[in-house]
Amino acid sequence: MDKILIVEDSVELSDVLCRNLQEEGFAVSAVSCLAQARKNLDRGVDLCLLDLNLPDGDGFTFCSYLSENTSIPVILLTVRDGAEDTVKGLSVGADDYVTKPFHMDVLVSRIRAVLRRVRGRKTDDDNLYCRDICINKKASKVYKKDCPVELTPNEYQLLLLLLEHKNQTIAREQILEKLWDVDGNYVNDNTLTTLVKRLRQKVEDHPQMPKMLLTVRGFGYKAVDYEG
């Protein structure tokens, strides 16, 4: 479970962030100043949400410290919406910059995108990531928000194929050729449609309105990641 450290002096906003991020499956710690933030760095932080205006210091300086001395990614949260502040934040090592007020779904998407990029830098080719889904190829295991997902062999092979070609459309014929021996037990299009439906029920939050496993009408399917 990814641990988020919130450094925010607004009690109201901090409470809202804690509640929503916990509902999204994150472990959350919240502090209101930089002194408290420093004490939390040795407790296993995976990402820091950092306000710029804090009672005991400047968020830019703390962001620079984290960038130079730790591997903790930082998303800056601020009411400052000027281009100069955005450029400064990114230049001192921030991984993203979110202006207040913001929609919680947007922030969660940004958090997952940053964590995904960090994992990509740290891990080898044994793992594939797309949105909330991780495939450990070495163990042939699938996880959604760090929780194991039980798939049939065909469901696993289909998901693996789509994530190996993430953001690329794969024709239905190509999928059938990859997953099944066309000289053996032939599986028709209706079976593939049913397989995709079952897979969506296991990996999508809302299977009737999929956001990851998309149908490209008249052609095939693709797995799409969060937009960067």
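Higher on the page you've got the structure.
Remember, it's a predicted structure, so these values are computed and weren't measured experimentally.

Caption draft 1: Region of interest: the overall build of the protein chain. When its secondary structure is counted, the protein chain shows eight helices and 14 strands. Taken along its principal axes, the extent of the C-alpha atoms in the protein chain is 70 × 35 × 30 Å. Total accessible area on the protein chain stands at roughly 12,400 Å², and carbon and sulfur atoms take up 46% of it. The centroid of the 31 positive side-chain charges in the protein chain is displaced by 2 Å from the centroid of its 36 negative side-chain charges.

Caption draft 2: Inspection of helix α7 (residues 172–179) at higher detail. For α7, the complete set of buried residues consists of Arg172, Ile175, Leu176 and Leu179. All buried residues of α7 lie within an arc of 95° about the axis, which places them on one face of the element. With respect to the buried face of α7, the exposed residues turned more than 90 degrees away are Glu177 and Lys178. Where α7 is buried, its residues meet α6 (153–164), β12 (170–171), α8 (189–203) and β14 (220–223).

Caption draft 3: Spotlight on the sheet that holds strand β8 (residues 127–130). Across the sheet, which stays open at both edges, the four strands sit in the order β8-β9-β10-β11 with antiparallel pairing between neighbours. The sheet is open, and its two borders are formed by β8 and β11 (147–149), each paired with just one other strand. The average undirected angle you get between the axes of adjacent strands in this sheet is 30°. Helix-sheet contacts for α6 involve β8, β9 (133–136) and β10 (141–144), and the interaxial angle to β9 is about 105°.

Conventions adopted
The written sequence of each chain sets the order in which its residues are numbered from 1. Reporting of local features is limited, given that this is a predicted model, to residues whose pLDDT is at least 70; pairs of side-chain atoms are given and counted only at 80 or more, and all residues count toward the totals for whole chains, interfaces and linings. To obtain the side-chain values, all non-hydrogen atoms of the structure were used and water was disregarded. Helix numbers and strand numbers start at the N terminus; a helix is a DSSP run of H or I with at least 4 residues, a strand a run of E with at least 2. The protein chains shown are the only cover counted for residues, whose accessible areas, like all others here, come from Shrake-Rupley with a 1.4 Å probe. In this tally, Lys and Arg are treated as positive and Asp and Glu as negative; His is ignored, and so are the chain termini. Taken as the charge location is NZ of Lys, CZ of Arg, CG of Asp or CD of Glu. Three labels apply to residues, based on accessible area from a 1.4 Å probe with only protein chains included: buried if under 20% of the type maximum, exposed if over 50%, partly exposed otherwise in between. Directions pointing from the helix axis toward each C-beta atom define the arc. Residue contacts are counted whenever heavy atoms from the two residues lie within 4.5 Å of one another. By definition, two strands form a pair when at least two bridges between them are found by DSSP. Note on geometry: axes are C-alpha line fits, over the in-contact stretch for helices, and angles between N-to-C directions span 0 to 180 degrees.

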